[in-house]
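These are the residues of each chain, in order.
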Amino acid sequence: MANTVSIFKLPAVSDDEGRNVQFANSNRSSELEDKDEKTGLVLCFGEMLIDFVPTLSGYSLADAPSFKKAPGGAPANVSVAVSRLGGHSAFIGKVGDDEFGHMLKGILVHNGVDSSGVRFDTNARTALAFVTLQDDGERSFMFYRNPSADMLLQESELDTDLLRKASIFHYGSISLIAEPCRSTHLAAMKIAKNSGALLSYDPNLRLPLWPSAEEARKGILSIWNEADIIKVSDDEVQFLTSGEDPDNEDVVRQYLWHPGLKLLLITMGQAGCKYYTKTFHGQVPGFKVSAIDATGAGDAFVGGMLSQLVGDTTLYQDEERLREALRFANACGALTTTERGAIPALPDKDTVLRLINVCEKQMPKVPSWQNISQWRVPSRQPSRELLTDYDDA
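Residues numbered from 1 in each chain as written. Predicted model: local features only at pLDDT ≥ 70, side-chain atom pairs only at ≥ 80, totals over all residues. Heavy atoms only, no water.

The name given to the protein in an unreviewed UniProt entry is fructokinase, with Ceratopteris richardii as the source organism. Per its UniProt entry, the protein bears the Catalytic activity (unreviewed entry) comment "D-fructose + ATP = D-fructose 6-phosphate + ADP + H(+)". (UniProt positions renumbered as here; feature names shortened; annotations may be inferred.)

Rendered as structure tokens:
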């Protein structure tokens, strides 16, 4: 990536008038009692939408013969991923008061996600995204949200009781793009952090949704210093550092690390992931599978990691335990690439453990898609009634 934009040093969070926003100490004493009520809840905040995924890879949007609809949206994907893996998760966001919006809430419920934080908007539609798949499963997106319901979530619509119960509060950057959702996002972060939650951040860069690359970089970094856990892809490292080498530890430490950060994760597709803590760093190899669609793989990775962390919130301090958790997360991401769509492809815990076990015995042989599909637990997959069997669009 060419060095066409200056590199940002990590800024403090600021409001629309440039004032610094401090979360760490504000009103914290009044909410300390909430720490005693933590129930291992992973609470995800942001967008939920419909992905239209082409039935054949290697075609442009205009040339794709047909599409299948699949529920998606990165924070919603993470909430379902955690639940599928046996964890306790909830989602806060807004969808349209339309058939797609009600279908999406139904999918959360079907997958065991607490949907009490979902709101409906009668004046805006549920967001849609059309996905272009390359032959290797990598993808690009075209969005329909001008504005969509997720952009219109108001602070007054937040379920504050749910926020105070969260052990981990997870979010992305798309909810920072426009008001009123941006202010709502910041308010939710403040409540969760003051109530003792770990803050988990996956920027999930979608450049077409931002006014410019410069605005995207600035917006993503505006809340960087508040997060306890950050996950980025190697491509996002290059973007956020204006083209610096994501493999260079000095680059990572200089531009992406901040003093309050507990764990920084960099995903690298089938190559696995890198991890950085205050005291150690390393790399965990990935799993080689026959990828069909990479949509949701990063969200599955995050869900896998958070499902491990929420039950052992100090595992990032022990490198051996951290590496085991990241191997589990890598397997979650790999399995998700073996089916089309995000939420439909998210694996259950038994399937993840089976992939790990098989690969340990058979490496470097790649498990077949047929074998992987047979491992999945049918009862944890979305029902025909909810998804109308992903009929061609």
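Moving on from the coordinates now.
Trainee: Account for the side chain of Asp-348, naming residues and giving values.
Mentor: With respect to the secondary-structure elements, Asp-348 resides in the loop between helix H9 (319-336) and helix H10 (349-362). At 3.1 Å, the side chain of Asp-348 and the backbone nitrogen of Asp-350 are in polar contact. (Helix = DSSP H or I, 4+ residues; strand = E, 2+ residues; numbered from the N terminus. Polar contact = N/O pair within 3.5 Å; in protein donor to acceptor, adjacent residues only side chain to side chain.)

Trainee: Explain helix H2 (residues 99-110) to me, and be specific about the residues and the numbers.
Mentor: Relative to the 16 Å expected for 12 residues at 1.5 Å per residue, H2 spans 16 Å between its end C-alpha atoms, a close match to the ideal helical length. Taken together, the buried positions of H2 are Gly-101, Met-103, Leu-104, Gly-106, Ile-107 and Leu-108. Looking at where H2 begins, the residue whose side-chain oxygen comes 3.3 Å from the main-chain nitrogen of Phe-100 is Asp-98. Looking at the residues trailing H2, positive phi occurs at Gly-112, about 80°. (Expected span 1.5 Å × (residues − 1). Buried < 20%, exposed > 50% of the residue type's maximum accessible area, 1.4 Å probe, protein only.)

Trainee: Give me the packing of helix H1 (residues 74-84) against helix H8 (residues 297-309): which residues, what numbers.
Mentor: As a packed pair, H1 and H8 sit with axes 8 Å apart at the nearest point and diverge in direction by 45°. Between H1 and H8, the angle falls in the class oblique. You can see that H1 and H8 cross each other, and the crossing is right-handed. Each of Ala-74, Asn-77, Val-78, Ala-81 and Val-82 in H1 lies in contact with H8, whose residues at this interface are Asp-299, Ala-300, Val-302, Gly-303 and Leu-306. Considering only residue class, the contact of H1 with H8 consists of seven nonpolar, two polar and one charged. (Axes fitted to C-alpha atoms, helices over the stretch in contact; angles between N-to-C directions. Parallel < 35°, antiparallel > 145°, perpendicular 65-115°, else oblique. Left-handed = near helix turned anticlockwise from the far one by under 90°. Contact = heavy atoms within 4.5 Å. Nonpolar A, V, L, I, M, F, W, Y, C, P; charged D, E, K, R; others polar.)

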